[in-house]
Each structure stands twice: as C-alpha cells, then as structure tokens.
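Listed here are the chains, written in short residue letters.
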Amino acid sequence: MTTPSISVNSLAPKAEKKPFVHELHGLQREDSYAWLRAENWQEVMREPAKLAPDIRDYLEQENGYCEAVMADQKDLKRQLFEELKGRIKEDDSSVPSPDGPWLYYTRYEEGSQHPIFCRKGRDGVSGETVLLDGNKEAEGKGYFQLASCVHSPDHRYLAYSVDEKGSEYYSLKVRDLETGAELDDLIENTSGAVVWAGDNRTVFYTVLDENHRPSKVLRHLLGDDENLDVLVYEEPDAGFFVGVGKSESGRFIQILAHDHQTSEVHLVPASAPTTAPAVVAVRQTGLEYEVSDYDDQLLILTNADEAEDFKICTTPIATPSQEHWQDRVPHQPGVLILSLLVFEGFMVRLERVEGLPRIVITSFVDDQEHQISFDEEAYSLGMSGGYEFKTTSLRFSYSSLSTPSRVYDYDMASRERVLRKEDEIPSGHNPEDYIVRRVMAPSHDGALVPVSILYRKDVELDGKAPLLLYAYGSYGNAIPAGFQRNSFSLVDRGFVYAIAHIRGGTDKGYGWYKDGKMLKKKNTFLDFIAAAEHLIAKGFTSAGRIAAHGGSAGGMLMGVISNQRPDLFKAVVADVPFVDVLTTMSDPSLPLTPPEWPEWGNPITDIAAYEYIRSYSPVDNVTSQGYPNMLVTAGLTDPRVTYWEPAKWVARLRELKTDTNLLLFKTNMSAGHGGASGRFERLKEVALMDAFLLKVFAA
C-alpha cells in the first residue's frame, strides 16, 4: 500500500465550471458548481432515473474513480465486510414485549437483510405468527426500508410504512392479521408515522409537503378511499414539523408541532377520534414541552420558567394551559432531564449529569425515588415503556464502548433486575481485552470537553497509535458512549477510537447545546480541534495520525476542521455532509430549510447570520492549501442533505487543493440519507471507510 501518486490523482474527474453568482445583502458569492443541483430535484427524489444526464455522468465518474483507486483494497474490503458481518448474530431476535394476550417481537433469519415482525401467545401455548416478513416485501426492490409497524389495540390489524427509493416518502399499508390479507387501503407520501385510535378502525398519519416537510395530520377510516381522509391538523408555519404519537396510557392521540426550539402539543381522545384536537399550551418561541398523562393529570416535561435543563410539571387535564402548571420535579441546573415515561404507578425519567446517564424512578403511591446507574467511566443507558401501562416492569438497556448491549427488565416495585438479553458477538469478543477511558479536553475558552476513548490493552500510548475521532455536535444530539461493534475492525488493528462530546450536543446539559448553535456555532469546531490536541498531548496519538469522522451535520464539522486545521489529520471521512450551509440556509424552497433557521440562523433576514455562516461554511472556505486524505459520501435521494452539497464541495476541493492526497467521492445512486438498506448492505459502506483508512495509514 503506497501513497497515491500525482498520476493517479490526475485521473480524478474534473467538474465543469459554469459561472453563477449568489447575491444577498448586496454581497456576492461565486458558485461555479451550482449546476450540479438538478432543476427537477423534487422529481428525482421520487424517481432517481429522471436525473439530468450531465449530472448523472459526473456522479458516476466520481464513483468509478473511487472504485478504481480502491481496487487494490478489494480483498481487504471483502475481509472487513466479513469481519463486520461476523459481529452480527444473523438469527437474532428482540426480547418479546407483552401486550394483552400476545408477546410481540422482531427477529432475523440467517442471511436475511430485513426484520421479520412476529407475535406468539403470552400463555406459552400459542406458537409464532409472522405478521410481516421484511425480506419477502423487499424482493425485487433495489431499496427497501420499513418504518412504522404497529398493531391495532385489538390485535386485529397491522399498519406499516415502507420506503422503496431511500427518499423517505413512505407508503402506508394495512394488513388483516386474522386472514393475512392486505387491505385496499394505501396512502402515499407519508412521513412513515402512524397511530391507531381506540376504535381499532381509525389511524392518524402525517403527510409531506412539496418541500418534504411533515405538515399535515390526517385521519383515515379503514375501508375508505384515501381522498376521503379528514384533515385533522395543518401547520401553517413553514419552519415547523408535525408529528403524531400516543400517550403511554393510550388515552390520547398526540399531535406535536415543533421546530428546534419551540413545541406545541394538541390532544385527541383515542376513544373519540373524530374529536377536534385541543391544544395543551399555545406555542411561545423558546418554550419546549412534552406531555404524558396519569389519572386526571398531565405530566409535562418542559423548559418553562428558564428551566434550561428541564423540569417536570403537573396540571389538570381539564385545565392544561401553562398558567396551571405546578412543579413536580424542579429544575436542577446541570441535571438534564432527557425523557419521561409514565406508568400506572410510576414515573421514570432518564437524566444526564456531566455526560453520564442515569434512570430515576418515582412511585406515585408514596413519592419515594431511587436511581439506576452504573460504574464504568463511560457508558450508555436507554429505556422503553413497551405496550403496557398497567405494569411494574421497566425495560432498559445498557452498554459501554467495550460491553455489548444488555437488555434488562426491572421491577420498579421490588427493585429486582433481570437480564433478558446480552448481544452476542458470534466472531468473539472479550470486554477484558479493552480499556475504556474518559478524559476532559480544555477548549479555547476553558470549557472542558468530555472525550470517551476505547483501545486494546496491548496498545502503547506513546503517541504512535493511529486514532479515529468521531463527533456530531448539532441539534442537541448527544452521542452515547455505547457499544459500537463496527469500531472493532480498526481498534483490533491498533487504532484508538474516541468520541468527542462537543458543544452543539446536550452531553453536558442544554447549555452545552446552546453554546454550539447560531452565533456560537464555532465552539463546536473549536471543541473538536481541542479534543484532537488534548489526545495528542496525552500520548494517545500524534498530529497527522488522526482520522476524523462525522456525518450529516457532523459532516459539516469535517468540512470546517479540514479547512482550519488540516495539519492535525491524516484522513477525514465525511458521510452525507452538510457543507453548503450558507446556500442552503438562504434558500427556503429547499427541504427543511425554514425549520433549520433556529439552529443556524436566518441569513436571508439577518446579515449578521449571513456573515457568520459564510465565515465557516465549508464550501465557501475551501482554499489553496494541502488537505488530508478524504472520503466523502452522498445519497442521490437524500432529502436531508441533498446530494449536490457534497458534490459541489468535492469539485471545489479538486479545483483548489495543492496536495496529492486521496480525495474520493462515492454517491449511492439508489439510496438516501441513511445509506444502503438492509443490515448487511450498510456494512459494505463501513468496510469501504475502514479500507480507505487502513490504506492511507499504511502509506
């Protein structure tokens, strides 16, 4: 394996430059590769074959170049794929979830790509019934993804949603579980979410507008033509999304309208689905809340009254508006309440303190409170309520960077914990072979950035080890320090694996998020750079021995750090990267742009936001300098980060970069934001990344 020569790079595609200028606030920006955005992009999302020939030709040239450069890694890619696949239990199944007389679960068969949805009798006598076999549904389709798969309360029907393009336009279908027959009911262009009303005949669902925004909630009665469906709620604000769900008790259909900083909940009695939705609290900019119900009360998780890390309030169902809210769990700065689950006798909250999660359980009977936590330096917790409200059983999961996921059933009354499942690693895995560490990296302003680290015990921390540093850092999404089975192909080859819990996520509370958005966004990038420098200072690696990895908004991070500190990184992997930030945020006709303004700022109306975004937007800041080895991916039908963003970025990098390092661009021509469908096909994309990194680090 050798460093690619100039002659190899001379084979790289060169995108044609066509003059084009963006003008806003009297300021101009040249965009010579704007032509890569298809004029009929909305049509292409639904029918990829309608992509303009010149754009398709360029993308396929890039794909061909990527394949040619990586041809010498063909055997390694195959080996890596088998390794990755070997860590998946092929005939796996979930822990069954009880609901009335049935136990519901999903399972996989050996060699299959998609889940099989099943149930069996809770009495132990009734055998398995296959409700939906994803593999049969996917036959003959280039792409297939299941979203919702929800049975009716009386267990008679199954509503499910499928995407066959990767564009996240889902078709909603209904199956009669008694006969196995598909009903004639078929609803197109939904967001995938579906909720049953209590009458077992009515479903609520959301539909997408022309800009791929979930904007309406409709009500469908089984047997009716789709055109007869009733509009229940329509969101007039182009900056808001609409979702639909159901409270834990099953009493209420919930309609949630929200952007990234404001929410509004409407309730419909599940037993009376034709009732008009009633608002809980009218939206106020910056007010976020979620709703559960217990007895005659609503329980509200909210940031009201400057509760930055959230608190829990109660209010009578009859008078739900904010003036009636009373604190039940007061706000504690630095203790972020992530989520709330309510059962008939218990309230359960998942919290994060200094980057580590814990579960807190409160009895409604006597208000006694206790916690579930673990002792490792870095770990992940998750919890789920299941189908049943009248139960003392809580299901939660635990994992760490070295410990595969374990699923427990916890009796909230007796406080007994039962291990129901531990993920198997068929190819073998011994947690004792690895060390998990957590360090705090001082950033540019003194803020301490948590970094979770995994490496083999036999790796010497002398600065010579290669290191893969991953981060996201946007939308308040925290990256859990949980088991990442795909990391071990590199870790077992001597890599240190690290996650930087940078600002823009909520890893250290909601303030950690606010300090990494809008006009404080640069903290996200500086935190990542600080994490890299701290890992170097502590001997985990050295400058030029780091691979940086991020996707989507994390891919934007990859673009920024490539422009600002290319000296730190040997390689950068950017998956579906959001890199043309200023152009996208200046175009309200694009998917999701108005809802994104609270995250990034609105450069159309605010020149300060325009100038700030322009100062870091990756495409706008590519310069004539050396760059790390780079692998960039895209999805042709991606509605979240449109394919032309990474395409334009790569074209500009090819034009200006002065080095002979690899720059590879791979577009999945039949998938969207999540990459290939199927649990094994996705591993081929991981194998490509690993082979790319091993190639460049061996040079």
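In the block above lies the structure referred to throughout.
Numbers given for residues are sequential positions, taken from 1 along each chain in its written order. Totals for whole chains, interfaces and linings use all residues, but because this is a predicted model, local features are given only for residues with pLDDT of at least 70 and pairs of side-chain atoms are given and counted only at 80 or more. The basis for the side-chain values is all heavy atoms of the structure; hydrogens and waters are excluded.

Asks: Would you mind showing me how to read the state of the cysteines here?
Replies: A covalent bond between the sulfur atoms of two cysteines is what we call a disulfide. The disulfide criterion used throughout: a pair of cysteine sulfur atoms within 2.5 Å. For the structure on display, the rule yields zero disulfides. No disulfide involves C118; its sulfur sits 9.9 Å from the nearest other cysteine sulfur, which is in C149. Exposure categories follow from relative accessible area, calculated using a 1.4 Å probe and restricted to protein chains: below 20% of the type maximum is buried, above 50% is exposed, and the middle band is partly exposed. Its relative accessible area of 1% is what places C118 among the buried residues.

Asks: Looking at this structure, I do not really get the sheet that holds strand β18 (residues 289–294). What am I missing?
Replies: Pairing between the strands of a sheet is mediated by backbone hydrogen bonds and can be parallel or antiparallel. Pairing in this open sheet of four strands is antiparallel, and the strands run β18-β19-β20-β21 from one edge to the other. Each of the sheet's edge strands pairs with one partner strand only, and the pair in question is β18 and β21 (326–329). Neighbour to neighbour, the strand axes of the sheet diverge by 35 degrees on average, direction disregarded. The rule for pairing is simple: two strands pair if DSSP sees at least two bridges between them. Only DSSP runs of H or I covering at least 4 residues are called helices, and only runs of E covering at least 2 are called strands; the numbering of each starts at the N terminus. Examined bridge by bridge, strand β19 (residues 297–302) and strand β20 (residues 311–316) share six bridges and lie antiparallel to one another. Bridge pairing in β20 places Q297 opposite P316. Angles shown run from 0 to 180 degrees and are taken between the N-to-C directions of axes, each axis being a line fitted to C-alpha atoms and, for helices, limited to the stretch in contact.

Asks: What exactly am I supposed to notice about unusual backbone geometry here?
Replies: Most of the time, phi is negative for any residue but glycine, and the peptide bond is trans. At H25, a residue that is not glycine, the phi angle is positive and equals roughly 60 degrees. Here H25 shows up in the loop between β1 (21–24) and β2 (27–30).

Asks: Would you take a moment to explain the packing of aromatic side chains for this structure?
Replies: Two numbers describe a pair of aromatic rings. These are the distance of the centres and the angle of the planes. Ring pairs shown here join Phe, Tyr and Trp side chains whose ring centres sit within 6.5 Å, with only the six-membered ring taken for Trp; geometry is labelled stacked below 30 degrees between planes, edge-to-face above 60, and tilted in between. All chains considered together, the criterion is met by 23 aromatic pairs. Each ring, one from Y510 and one from Y513, has its centre 5.3 Å from the other, and the planes form 85 degrees; the classification is edge-to-face. Taken together, the residues span about one helical turn, with Y510 and Y513 both in helix α7 (residues 510–514) at a distance of three residues. Side by side, Y510 and Y513 carry an identical accessibility label, which is buried. Judged by centre distance (5.2 Å) and plane angle (55 degrees), the rings of F525 and Y616 are tilted. Of this pair, F525 sits in helix α8 (residues 522–537) while Y616 sits in helix α12 (residues 607–616), and the two are 91 residues apart along the sequence. Residue F525 is classed as buried on the basis of its relative accessible area, which comes to 0%.

Asks: Could you clarify how one ought to interpret the pattern of salt bridges in this entry?
Replies: One side chain can pair with another of opposite charge once the charged atoms of both are near each other. A carboxyl oxygen of Asp or Glu within 4 Å of a side-chain nitrogen of Lys or Arg is what we treat as a salt bridge. Counted according to the given criterion, the structure contains 49 salt bridges. We note a salt bridge from E62 to R654, for which the minimum N-O separation is 2.8 Å. Of this pair, E62 sits in helix α3 (residues 53–69) while R654 sits in helix α13 (residues 644–656), placing them 592 residues apart in sequence. Taken together, the shared-partner salt bridges in this structure form one network comprising D92, K421, D423 and R485.

Asks: Help me out: how do you make sense of α13 in this one?
Replies: The α-helix advances 3.6 residues per turn, and as a result positions three or four apart in sequence lie on the same side. The length a helix should cover is 1.5 Å for every residue beyond the first. If you check α13, its first and last C-alpha atoms are 18 Å apart, about what 13 residues at 1.5 Å a residue would give, namely 18 Å. The element α13 is largely enclosed, with a buried count of 10 among its 13 residues. Among the residues of α13, those classed as buried are W644, E645, P646, A647, K648, W649, V650, A651, L653 and R654.

Asks: Looking at this model, I keep getting lost on the pairing of strand β22 (residues 335–342). Mind explaining?
Replies: The two faces of a sheet get side chains in turn, since along a regular strand they alternate between them. With six of eight residues buried, β22 lies mostly within the body of the structure. Where β22 lies against strand β23 (residues 346–353), seven bridges are found, and the strand directions are antiparallel. Looking across to β23, one finds that V342 is bridged to M347. Once β22 ends, the chain turns through three residues before running back antiparallel as β23.

Asks: Just to check I follow, could you spell out the nonpolar core for this structure?
Replies: Where a protein is soluble and globular, its nonpolar side chains tend to be buried together. In these notes, a set of buried Ala, Val, Leu, Ile, Met, Phe, Trp, Tyr and Cys residues joined through side-chain atoms within 4.5 Å is what counts as a nonpolar core. Counting residues in hydrophobic clusters, the biggest one holds 126 residues, and the most contacted among them are L59, L469, F528, F692 and L693. Here this core gets 11 residues from one element, more than from any other, and that element is helix α14 (residues 681–698). Setting aside residues no more than four positions away along its own chain, L469 makes contact with A498, A500, F528, A531, A532, L535, I546, A547, A548 and H549. Grouped together as the second largest cluster of nonpolar side chains are 18 residues, L350, M383, F396 and Y408 included. Should any heavy atoms of two residues lie within 4.5 Å, those residues are considered in contact.

Asks: Help me out: how do you make sense of the pairing of strand β34 (residues 546–551) in this one?
Replies: The buried fraction of β34 amounts to six of the six residues, a majority that puts the element mostly inside the structure. Across the two faces of β34 the burial is the same, with I546, A548 and G550 and A547, H549 and G551 all buried. The sheet contact formed by strand β32 (residues 467–470) and β34 spans four bridges and is parallel. Bridged to L468 within β34 is A547. Sheet analysis places β34 next to strand β35 (residues 569–575), joined by six bridges and oriented parallel. The residue of β35 that forms the bridge with G550 is A574.

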